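Summary of the model geometry
One letter stands for each residue in the lines below.
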Amino acid sequence: MTGPAKRLPHTDAVVIGLGWAGSIIAKEMVDAGLEVVGLERGGWIETGVDFNINTAPDELRYARRQELMLQTVQNTVTARNNSAQEALPMRKWGSFHPGNGTGGAGLHWAGITWRFQPEEFRLASYLSEKYGDEVDPNLTLQDWGTDWSEMEPAYDYFERIAGVSGKAGNINGEILAGGNPFEGARTRDYPTGPTIPTYAPKLFAQVAEDLGYKPFHTPSSILSEAYTNIYGMQMGPCTYCGFCTNYGCANLSKASAITCVLPALVRQQGFTARTRSEVLKIETDSNGSKATGVTFVDSDGQEWFQPADIVVSAAFTFENVRLMLLSGIGTPYDPATGKGQTGRNYCYQTANNVRLFFDDKEFNSFIGGGAIGMAIDETNNDNFDHSGLGFVGGGSTRVGPIGAPPIGSRPVPEGTPKWGSKWKQATTENYNRSMSIGCESSSYAQRGNYLSLDPNYKDRLGRPLLRVTFDFPENDLRMSQYVTDKIEEIGRAMNPRSIERNAMTGHWNTVPYQSSHVVGGFVMGADPETSGTNKYLQSWQVPNLFVVGANAFPQNPGYNPTGTVGALAVKAAWAITRDYLKAPHQPLVQA
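Attention here is on the structure that accompanies the text.

This model, assessed by the stated rule, comprises 34 aromatic pairs. Relative to Y155, the ring of W148 lies with its centre 5.8 Å away and its plane at 40°, an arrangement referred to as tilted. Each member of the pair, W148 as well as Y155, carries the same accessibility label: buried. Where F243 meets F366, the ring centres are 5.7 Å apart and the plane angle is 75°; that geometry is what we call edge-to-face. Here F243, found in the loop between β10 (234-235) and α7 (257-260), pairs with F366, found in the loop between β16 (350-357) and β17 (374-376); they are 123 residues apart in sequence, far enough to count as distant. Looking at F366, the relative accessible area reads 33%, which means it is partly exposed. Linked through ring pairs, W93, F96, F316, F318, Y346, Y348, F470, F472 and W508 together constitute an aromatic cluster. The ring of Y190 has R186 sitting right over it, with the charged end atom 4.0 Å from the ring centre.

This part is about helix α10 (residues 421-430). For α10, the full list of buried residues reads A426, T427 and N430. Here the buried residues of α10 occupy an arc of 105° about the axis, which is enough to place them on one side. In α10, the exposed positions angled more than 90 degrees off the buried face are occupied by S421, K424 and T428.

A word on the pattern of salt bridges. The tally for this structure, following the rule as stated, stands at 26 salt bridges. Note that E129 and R122 form a salt bridge whose closest N and O atoms lie 2.7 Å from each other. For E129, a relative accessible area of 57% translates into the label exposed. For E362, the salt bridge identified is with R433, shortest N-O distance 3.1 Å. In this pair, E362 sits in the loop between β16 and β17 while R433 sits in the loop between α10 and β19 (434-441), placing the two residues 71 residues apart along the sequence. Residue E362 is classed as partly exposed on the basis of its relative accessible area, which comes to 47%.

What counts, and where the lines are drawn
- Residues numbered from 1 in each chain as written.
- Predicted model: local features only at pLDDT ≥ 70, side-chain atom pairs only at ≥ 80, totals over all residues.
- Heavy atoms only, no water.
- Phe/Tyr/Trp six-rings, centres within 6.5 Å; stacked < 30°, edge-to-face > 60°.
- Buried < 20%, exposed > 50% of the residue type's maximum accessible area, 1.4 Å probe, protein only.
- Helix = DSSP H or I, 4+ residues; strand = E, 2+ residues; numbered from the N terminus.
- Lys NZ or Arg CZ within 6 Å of the ring centre and 35° of its normal.
- Arc of directions from axis to C-beta.
- Salt bridge = Lys/Arg side-chain N within 4 Å of Asp/Glu carboxyl O.

Put into structure tokens, the structure is as follows:
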């Protein structure tokens with residue numbers, strides 16, 4: 001870095017991160033008349049420039065070399081399974097894929113857009129009331145401090161930003177055929193109709209229905225039809241190109257901040273975007289109760305101070321938590337005592353699946369989209385009775401062919417040689433004759449899983465890396481075996497030549513990709529002793545700081561998180577523009 005920080009002109013609000021959450025909050029604040037500066041660590045990415053239809057489907061560039069993801073030379077994390085181990089840095093992303101640049105991780109996502117169920121927002125209370133002492137005492141479940149009546153309008157608004165495709169299963173309490181019968185009551189249907197599934201999800205849905213399940217279209221931010229969102233942004237229907245998860249969308253079919261928000265926002269007076277600008281610290285006054293702005297460094301190494309009345313930290317989970325630790329916001333969590341807000345209740349997701357191989361079916365595996373498919377929800381959360389099972393939680397079961405890329409997708413049965421002519425022959429025979437049933441399952445908090453600053457490793461700017469201490473709770477491993485048994489039953493009913501089960505077992509491993517759904521670490525709640533923010537994502541300690549993202553989840557249900565991250569962003573934006581501005585620097589909830 002070069003010299004002391006230079007001071008920039010004052011602004012009403014500064015937003016850290018221009019992914020889904022930061023872009024939505026910035027847009028709503030600018031619409032309300034505020035002057036907003038958006039700071040983004042990566043570069044400016046836009047569809048017409050970066051995702052030409054001739055260059056966007058590049059597996060080597062985007063899936064193998066991870067061009068849309070944070071480069072570990074910029075920043076990474078250290079990882080370990082428990083506090084007795086020495087954490088080591090991840091030098092190549094494996095287990096998860098943090099994003100980089102405008103759009104963030106919500107650019108290379110799959111587009112699956114669930115609403116969490118109403119019970120999720122009071123999960124600790126709900127499970128205690130229903131199962132009492134049966135719930136594993138090692139779990140540190142918490143309520144969110146909010147409820148369905150507050151979340152439903154925010155979900156509805158986000159769905160109209162993203163144009164989510166689907167079919168409602170519950171409108172105002174009326175259960176509707178063809179939708180998810182377990183979803184919370186919604187006030188209206190999805191803004192666009194469901195996508196058309198390919199052969200594999202159709203086959204899965206047919207067999208599941210014959211077994212008594214109620215299949216429905218996976219809610220998808222990969223759109224089924226042309227749509228103009230509430231900000232005036234236009235999107236087109238998906239063409240099933242097969243280059244979806246890990247890629248940008250040249251077709252303007254996959255919703256993201258660069259498709260649905262930023263093109264409108266950047267044209268508005270009152271908004272300034274500064275890319276390749278990495279925030280070093282949230283600055284506070286002498287007693288640490290008021291944010292005065294942020295210090296960041298640009299790509300030339302120049303340090304700047306951006307003064308602001310409101311600070312919104314809307315980075316990826318890891319960076320939001322690290323910024324709180326680096327800035328002295330909250331008390332660092334201590335796993336020995338269970339006290340402290342910053343770093344607590346870090347959770348992951350538990351990935352399970354079965355892979356099927358057929359002799360008599362052709363799936364045309366190359367085509368597809370990240371969220372285009374069919375699902376059932378009987379295996380999820382508390383949608384089945386857990387009495388006597390020895391665990392709580394579950395997972396959403398889906399078949400969603402995302403497109404089998406030519407380099408990375410080589411499904412072959414167990415026992416096939418790893419190379420040579422027999423491997424090539426097996427690849428040819430099985431590429432179009434294989435499919436999988438996935439069950440993306442819950443991850444519940446336990447005392448020993450947390451985030452902290454690493455005492456040994458630093459980033460290129462000299463700041464401590466974030467340290468991840470995590471292993472799968474026994475509750476989650478028991479759950480994994482159960483839900484995998486269930487999806488294996490469905491798979492066997494599809495009469496494959498062979499079936500292979502992949503339930504989560506053993507310790508968390510950073511190498512194979514599992515899920516980018518890392519959550520918690522600075523959670524929302526009703527108790528300042530156990531949460532970093534109140535239900536409006538407003539810091540208990542610093543009322544003019546809002547911390548928005550999946551870091552707010554006290555635990556992770558069996559759903560993809562982005563729909564809820566979007567809803568929380570809407571909730572925070574409304575709280576700022578409708579209530580906070582009437583009495584600045586005051587808490588919206590009394591502790």
